[in-house]
Amino acid sequence: SQTIHQWPATLVQPVGSPLSLECTVEGTSNPNLYWYRQAAGRGLQLLFYSVGIGQISSEVPQNLSASRPQDRQFILSSKKLLLSDSGFYLCAWRLAGGTDTQYFGPGTRLTVL
Amino acid sequence: KQEVTQIPAALSVPEGENLVLNCSFTDSAIYNLQWFRQDPGKGLTSLLLIQSSQREQTSGRLNASLDKSSGRSTLYIAASQPGDSATYLCAVKRGSSGSRLTFGEGTQLTVNP
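Residues numbered from 1 in each chain as written. Chains lettered and ligands numbered in written order. Predicted model: local features only at pLDDT ≥ 70, side-chain atom pairs only at ≥ 80, totals over all residues. Heavy atoms only, no water.

Asker: I'm lost on the overall build of chain A in this one. Help?
Answerer: Secondary structure assignment for chain A yields zero helices and 11 strands. Each helix and strand of chain A, ordered N terminal to C terminal, gives the series β-β-β-β-β-β-β-β-β-β-β. Computed over the C-alpha atoms, the radius of gyration of chain A is 13 Å, within 12% of the 13 Å expected from 2.2 N^0.38 for a compact globule of 113 residues. Viewed in the frame of its principal axes, chain A has a C-alpha envelope of about 40 × 25 × 20 Å. Residues classed as buried in chain A amount to 48% of the 113 residues present. For chain A, contacts bridging at least 24 residues in sequence account for 54% of all contacts bridging at least 6. For chain A, the computed accessible surface area is about 5,200 Å², with 54% contributed by carbon and sulfur atoms. With 8 positive and 6 negative side-chain charges, chain A shows a separation of 8 Å between the mean positions of the two kinds. (Helix = DSSP H or I, 4+ residues; strand = E, 2+ residues; numbered from the N terminus. Rg over C-alpha atoms; globule rule 2.2 N^0.38 Å. Buried < 20%, exposed > 50% of the residue type's maximum accessible area, 1.4 Å probe, protein only. Contact = heavy atoms within 4.5 Å. Areas by Shrake-Rupley, 256 points an atom, 1.4 Å probe, with all protein chains shown as cover. Lys, Arg positive; Asp, Glu negative; His and termini not counted. Charge placed at Lys NZ, Arg CZ, Asp CG, Glu CD.)

Asker: Is there a simple way to think about the packing of aromatic side chains in this case?
Answerer: Centre distance and the angle of the planes are the two values used to describe a pair of aromatic rings. Applying the stated criterion across every chain, the model contains nine aromatic pairs over all chains. Seen in terms of ring centroids, A:Phe104 and B:Phe36 are 5.6 Å apart; in terms of plane orientation they differ by 85°. Their pairing is edge-to-face. Of this pair, A:Phe104 sits in strand 10 (residues 103-104) while B:Phe36 is found in strand 4 (residues 32-38), placing the two residues in two different chains. By the ring-pair criterion, three or more aromatic residues cluster together here, those being A:Tyr34, A:Tyr36, A:Tyr49, A:Phe104, B:Phe36 and B:Phe103. (Phe/Tyr/Trp six-rings, centres within 6.5 Å; stacked < 30°, edge-to-face > 60°.)

Asker: What exactly am I supposed to notice about the interface of chain A and chain B here?
Answerer: One frequently used descriptor of interface size is the decrease in accessible area upon assembly of the parts. At the interface, 18 residues of chain A touch 19 residues of chain B. Summing the contributions of chain A and of chain B, the shared interface buries around 1,500 Å²; its carbon and sulfur component is 50%. Of all residues in chain A, the largest losses of buried area upon contact with chain B belong to A:Leu44, A:Asp100 and A:Phe104, amounting jointly to 33% of the total for that side. Remark: the boundary between chain A and chain B carries one salt bridge. Where B:Lys93 meets A:Asp100, a salt bridge forms, and the shortest distance between an N and an O atom there is 2.8 Å. Viewed at the interface, chain B and chain A are joined by four residue pairs in polar contact (both at pLDDT 80 or more). Taken together, the elements giving at least two residues each to the side of chain A that touches chain B come down to strand 4 (32-38), strand 5 (44-52) and strand 9 (87-94) of chain A. (Buried area = accessible area lost by both parts, 1.4 Å probe. Salt bridge = Lys/Arg side-chain N within 4 Å of Asp/Glu carboxyl O. Polar contact = N/O pair within 3.5 Å; in protein donor to acceptor, adjacent residues only side chain to side chain.)

Asker: Can you walk me through the nonpolar core in this structure?
Answerer: In globular proteins that are soluble, nonpolar side chains generally tend to be buried together. Within the largest apolar cluster, 22 residues are counted, with the highest numbers of intra-cluster contacts made by B:Leu33, B:Trp35, B:Leu75 and B:Ile77. Membership of the second largest hydrophobic core comes to 19 residues, among which are A:Ala66, A:Leu76, A:Leu81 and A:Val112. (Core = buried A, V, L, I, M, F, W, Y, C linked by side-chain atoms within 4.5 Å.)

Asker: Can you help me understand the sheet that holds strand 8 (residues 72-77) of chain B in this one?
Answerer: Residues and elements named next belong to chain B. Ordered by their spatial adjacency, five strands build an open sheet running 1-3-8-7-6, and the pairing between neighbours is antiparallel. Looking at strand neighbours, the two that pair on one side only are strand 1 (4-7) and strand 6 (56-59), the edges of this open sheet. Averaged over all pairs of adjacent strands, the angle between their axes in this sheet comes to 15°, without regard to strand direction. Where strand 6 lies against strand 7 (residues 62-67), four bridges are found, and the strand directions are antiparallel. Bridging across to strand 7, Thr58 finds its partner in Asn63. (Pairing = 2+ DSSP bridges. Axes fitted to C-alpha atoms, helices over the stretch in contact; angles between N-to-C directions.)

Right, here's the structure in full:
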């Protein structure tokens with residue numbers, strides 16, 4: 001069966017510090033991968049998605065970036081965090097060519113102080 | 001621009017009651033609609049996916065309906081239980097290709113024993 005992991009589960013970082021969040025998927029190949037952010041009082045916002053290694057599409061201009069160095073690994077990064085980057089970050093995957101059902105990871109709670 | 005609205009934002013009901021959660025979207029040209037469940041501090045779990053050509057989908061005590069022309073979907077929960085307490089989100093997908101889902105902000109459901 002497929003599983004999706006995210007780490008860390010929680011993170012507290014000072015403004016201006018770098019960020020690296022990691023997401024890995026097991027039990028499937030060539031998944032479509034997604035990064036979402038959920039901020040208080042706002043719906044889920046799609047940040048990035050990837051249909052293959054090295055292929056990243058950005059949905060929202062910001063100081064965040066994403067990379068997919070391996071087929072089942074998706075990384076969200078920032079060189080300098082802003083207060084507004086605080087939120088709950090969710091990684092999700094979908095079977096390429098399959099149904100549109102997306103499967104979400106447990107999330108990372110990021111607090112920028 | 002697609003906008004998804006879920007009303008009410010919060011709902012509290014006694015155990016055993018049947019209830020309906022509402023989702024509306026501004027652009028009726030959708031490809032499909034999904035309902036998700038989110039437990040506090042957790043990721044999302046897909047509950048039901050309705051294609052634009054379908055009118056409803058059922059899974060156990062859950063029934064989701066779709067009226068694309070009026071831009072509405074409902075999630076019906078029969079015989080509610082305390083374990084149903086969670087936030088329920090709906091999301092619409094615009095086209096058959098591409099990966100963007102537009103989410104509502106969710107309805108926070110509390111089922112009281």
